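Remarks on the overall topology
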Amino acid sequence: MDHEEFKRIAYPELAELLAGRLSATPEPQPLDISPWIAQSLLQKSIRRGEAGLALRASASLLRDDPDKLWRRLSVIAYEDIGLGSLDLIMPTLIATSGKVVRRAFHGEWPVASAIVEGMATARKDRSADNAYMVAAIHFQYSGDRLSLTFRPIPELMRIATGDGDIITRSIATIYAVGTDRCRTPGMRVRKGDPRYVFHAMREAGFPFTVVDLSERGSTQFREPLPALMSLMSSVVPGHSTGWRPTERDDDIPPTTMIGEVPGWSLDWYTRPGRATIRAFLRHDTPTSRWLKANVAPRDRAEALGGLVFRVEGGLLRRRLQWEAGSYLRRTMETEAVGFGITDASDVLDLLRNDLPLLNEERRHVL
């Protein structure tokens, strides 16, 4: 769809989202935290359905670094909401497209708070991001990452739209979109053709609504997630099979507050989170012993950061339940960890038991 058609469809959808709020726009209550912690808190609170915390994080970003807020919301739409609640993607895209739009809908905070509340309470799906991580990291697919690097784009799209292995299809899709637009660790750099990618998906009979939403997202930010969301839509069971969307909360451990923020907001992508992880590794724990036995010294802190994401940061309330989505999640969590780890099942269990010590270390860095 062109830009005018996008606005014609998207404006009413954003208006409907704002009009459908269950209560009046809350007063912004920003926290005294860095933008990096606020970004982490925003995204993880949305994943966990913690609307109050998500609103405080978004108010903090709107005060200190509003560009980070709007960029992050557009990423969350594809990374965490996706196929779970497609009706949220169009209003998010128009809300994040510029200040002129937000002025037309009563300003920055009313729009931001409505989007954030909607995301926090929505059904969610992380299959596109899980596919991205598995495609880039999984040790068994290093051959595909090499062999598909310089295939012609039409050939890549024949693989992507075929009925083969979903991870191989994901690798083909990422290369066809182009890894020069957004560097992907573990994959080689090559130019792609996003317009051809979405044309091929339509020709293959992928759901048109999803492809349109994905193509629009691809024009607003350069990551391959929108195209992977379209790919995931091709393996969701059809209603004709009797499948109906269901959801389930992940097994989420109790929250430990560190001052005004939950411990799980202090992850590898924040300075206090990195300090915590390095401090934790100095303790003699089952987790640290496993890492010392299985991971090179220079990689242990970053590897632990990825494991912490798997036991805390990536957890969802109202996760969409479907076979391929569950398979990609299991594969990402236990096999696509990197750093020479081929099965993380044991260390993930060890880390879940060691979370109280991790939270104790978090108290010392914030």
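Described in the following lines is the structure provided in the data block. Since the model is a prediction, treat every value here as computed from it, not as a measurement. (Residues numbered from 1 in each chain as written. Predicted model: local features only at pLDDT ≥ 70, side-chain atom pairs only at ≥ 80, totals over all residues. Heavy atoms only, no water.)

Focus: the packing of helix H3 (residues 51-64) against helix H4 (residues 66-81)
- It is at 5 Å that the axes of H3 and H4 come closest, and there the two elements cross at 135°. Relative to H4, H3 is oriented oblique. Residues Ser58, Leu61, Leu62 and Asp64 of H3 form the contact with H4, whose own contacting residues are Pro66, Lys68, Leu69 and Trp70.
- Class assignment of the residues belonging to the contact of H3 with H4 gives a composition of five nonpolar, one polar and two charged. (Axes fitted to C-alpha atoms, helices over the stretch in contact; angles between N-to-C directions. Helix = DSSP H or I, 4+ residues; strand = E, 2+ residues; numbered from the N terminus. Parallel < 35°, antiparallel > 145°, perpendicular 65-115°, else oblique. Contact = heavy atoms within 4.5 Å. Nonpolar A, V, L, I, M, F, W, Y, C, P; charged D, E, K, R; others polar.)

Structural notes on H4
- Over its 16 residues, H4 runs 21 Å from end to end, which matches the ideal 22 Å to within 8%, given 1.5 Å per residue.
- In the structure, H4 departs most strongly from a straight axis at Val75, where the bend amounts to approximately 30°.
- Of all the 16 residues making up H4, 12 are buried; the element is thus mostly covered by neighbouring parts of the structure.
- Immediately beyond the C-terminal end of H4, within one or two residues, lies Gly82, with a positive phi of roughly 50°. (Expected span 1.5 Å × (residues − 1). Bend = angle between axes of the 7 residues up to and from the residue. Buried < 20%, exposed > 50% of the residue type's maximum accessible area, 1.4 Å probe, protein only.)

Focus: the environment of Arg289
- Tracing the backbone through its elements, the reader meets Arg289 in helix H16 (residues 286-294).
- Sequence separation of Arg289 and Val347 is 58 residues, and the distance between their C-alpha atoms is 9.7 Å.

Brief notes about the nonpolar core
- With 92 residues, the main nonpolar core has Leu42, Leu73, Met119 and Met232 as its most contacted residues.
- Non-local contacts of Leu73, meaning those with residues more than four positions away in its chain, are made with Leu42, Ile46, Thr92, Thr96, Ile115, Val116 and Met119. (Core = buried A, V, L, I, M, F, W, Y, C linked by side-chain atoms within 4.5 Å.)

Quick word on the packing of aromatic side chains
- The final tally for this structure, using the stated rule, is two aromatic pairs.
- Between Tyr11 and Phe105, the aromatic rings sit 5.5 Å apart at their centres with planes inclined by 50°, giving tilted as the arrangement. Here Tyr11, found in helix H1 (residues 3-19), pairs with Phe105, found in the loop between helix H6 (99-104) and helix H7 (108-121); they are 94 residues apart in sequence, far enough to count as distant.
- Judged by relative accessible area, Tyr11 falls into the partly exposed class, the value being 26%.
- Taking relative accessible area as the criterion, Phe105 reaches 9% and is therefore assigned buried.
- On the numbers, 5.6 Å between centres and 45° between planes, the contact of Tyr78 with Phe221 is tilted. On the criterion of sequence distance, the pair formed by Tyr78 in helix H4 and Phe221 in the loop between helix H13 (208-220) and helix H14 (225-233) is long-range, its members being 143 residues apart. (Phe/Tyr/Trp six-rings, centres within 6.5 Å; stacked < 30°, edge-to-face > 60°.)

Function-wise, these values are silent; they only describe arrangement.
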